[in-house]
Amino acid sequence: MELKNWQLNRGGMGQRLLRWINLRPEESERTLLMFAFYTATSVGVLWLEAITVGLFVDRYGAESIPFIYIVGAGIGSGLGFLYSWLQNVLPMRRAIVFIAILMAVPLLGFRVGLGATSLVSVTVFIMRLWVDGVYVLNDLNTSISANQLFNIREIKRTYPLISSGILVADVVSGFSLPWLISVLGLQNVLIAAALMMVC
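Residues numbered from 1 in each chain as written. Predicted model: local features only at pLDDT ≥ 70, side-chain atom pairs only at ≥ 80, totals over all residues. Heavy atoms only, no water.

Another aspect to go through is helix H5 (residues 92-115). One turn of an α-helix holds 3.6 residues; hence residues three or four places apart share an orientation. In this model H5 runs 36 Å from its N-terminal to its C-terminal C-alpha over 24 residues, within 8% of the 34 Å that 1.5 Å per residue would give. When H5 is considered as a whole, its buried residues turn out to be Ala-95, Ile-96, Ile-99, Ala-100, Met-103, Ala-104, Leu-107, Phe-110, Gly-113 and Leu-114. (Helix = DSSP H or I, 4+ residues; strand = E, 2+ residues; numbered from the N terminus. Expected span 1.5 Å × (residues − 1). Buried < 20%, exposed > 50% of the residue type's maximum accessible area, 1.4 Å probe, protein only.)

So this is what it looks like as structure tokens:
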């Protein structure tokens, strides 16, 4: 088998780093790509959540949040069934890409809804429900993608590294969101979030 990343395989610092994080050289490229995928998607999701929670509490108050969690549980279950159905209809790779696009496309509609005064209340309510759905779809997409790329032994080593992308996304989104809002405006951050989910 040809070694793809010769710098990591000739020993030295790269080899020690891989040993330190319990990763084999042939797993490093796939793990890095999955980590980047999960981090980028999670940044978009966290931007969406921060904007949505702020708008929702401002419009409906904190007393409406328990109702959202109850409805969100139903939406999460429904999206899980949709994902299972898609796996039967589409090849796995297409289903993964379709779900990534499905997570992002409604954000463009939300951008339009926030621009129309008569639709703001309904849009904010639906956005809050969609945040719960996006978390379910993002976790499913990441888990299933990892299952396609790694065998069971590799997943034991690589998935903790991949799932740490959410921690990096927390930091990146937390520092970048105030700057994005000042540059793009609150409503246009939805477009940036959609782009991050699709990239």
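A word on the packing of helix H8 (residues 165-184) against helix H9 (residues 186-198). With their axes 7 Å apart at the nearest point, H8 and H9 run at an angle of 115 degrees to one another. Considering the relative orientation of H8 and H9, their crossing is right-handed. Where H8 approaches H9, its residues Leu-177, Leu-180, Ile-181 and Leu-184 are matched on the opposing element by Leu-186, Asn-188, Val-189 and Ala-192. (Axes fitted to C-alpha atoms, helices over the stretch in contact; angles between N-to-C directions. Left-handed = near helix turned anticlockwise from the far one by under 90°. Contact = heavy atoms within 4.5 Å.)

Inspection of the entire model under this criterion finds 2 salt bridges. Note that Arg-30 is salt-bridged to Glu-154, the shortest N-O span being 3.2 Å. With a gap of 124 residues between them, Arg-30 in helix H3 (residues 25-60) and Glu-154 in helix H7 (residues 152-163) connect regions that are remote in the sequence. Look at Glu-154 and you get buried, because its relative accessible area is 12%. Residues Arg-128 and Asp-132 are paired through a salt bridge, measuring 3.3 Å at the closest nitrogen-oxygen approach. Highlighted residues: Arg-128 and Asp-132, both in helix H6 (residues 120-149), separated by 4 residues, approximately one helical turn. (Salt bridge = Lys/Arg side-chain N within 4 Å of Asp/Glu carboxyl O.)

What follows deals with the environment of Phe-56. Looking at the element boundaries, Phe-56 is found in helix H3. As for Phe-56 and Thr-123, which are separated by 67 residues in sequence, their C-alpha atoms are 9.7 Å apart. Residues in contact with Phe-56, not counting those within four places in the same chain, are Gly-61, Ser-64, Ile-65, Ile-68, Val-124, Phe-125 and Arg-128.

What follows deals with the layout of surface pockets. Here the largest pocket is characterised by a volume of approximately 450 Å³. What lines the largest pocket is a set of 20 residues, and nearest its centre among them are Phe-37, Arg-93, Ile-96, Val-97 and Ser-145. At the level of secondary structure, the elements contributing two or more residues to the lining of the largest pocket comprise H3, H5, H6 and H9. When grouped by side-chain class, the residues that make up the lining of the largest pocket number 15 nonpolar, 4 polar and 1 charged. (1 Å grid on protein atoms, 1.4 Å probe; cavity = no way out; pocket = protein on both sides within 12 Å on 5 of 7 lines; lining within 4 Å. Points joined across faces, edges and corners; volume = space filled by probe spheres on them. Nonpolar A, V, L, I, M, F, W, Y, C, P; charged D, E, K, R; others polar.)

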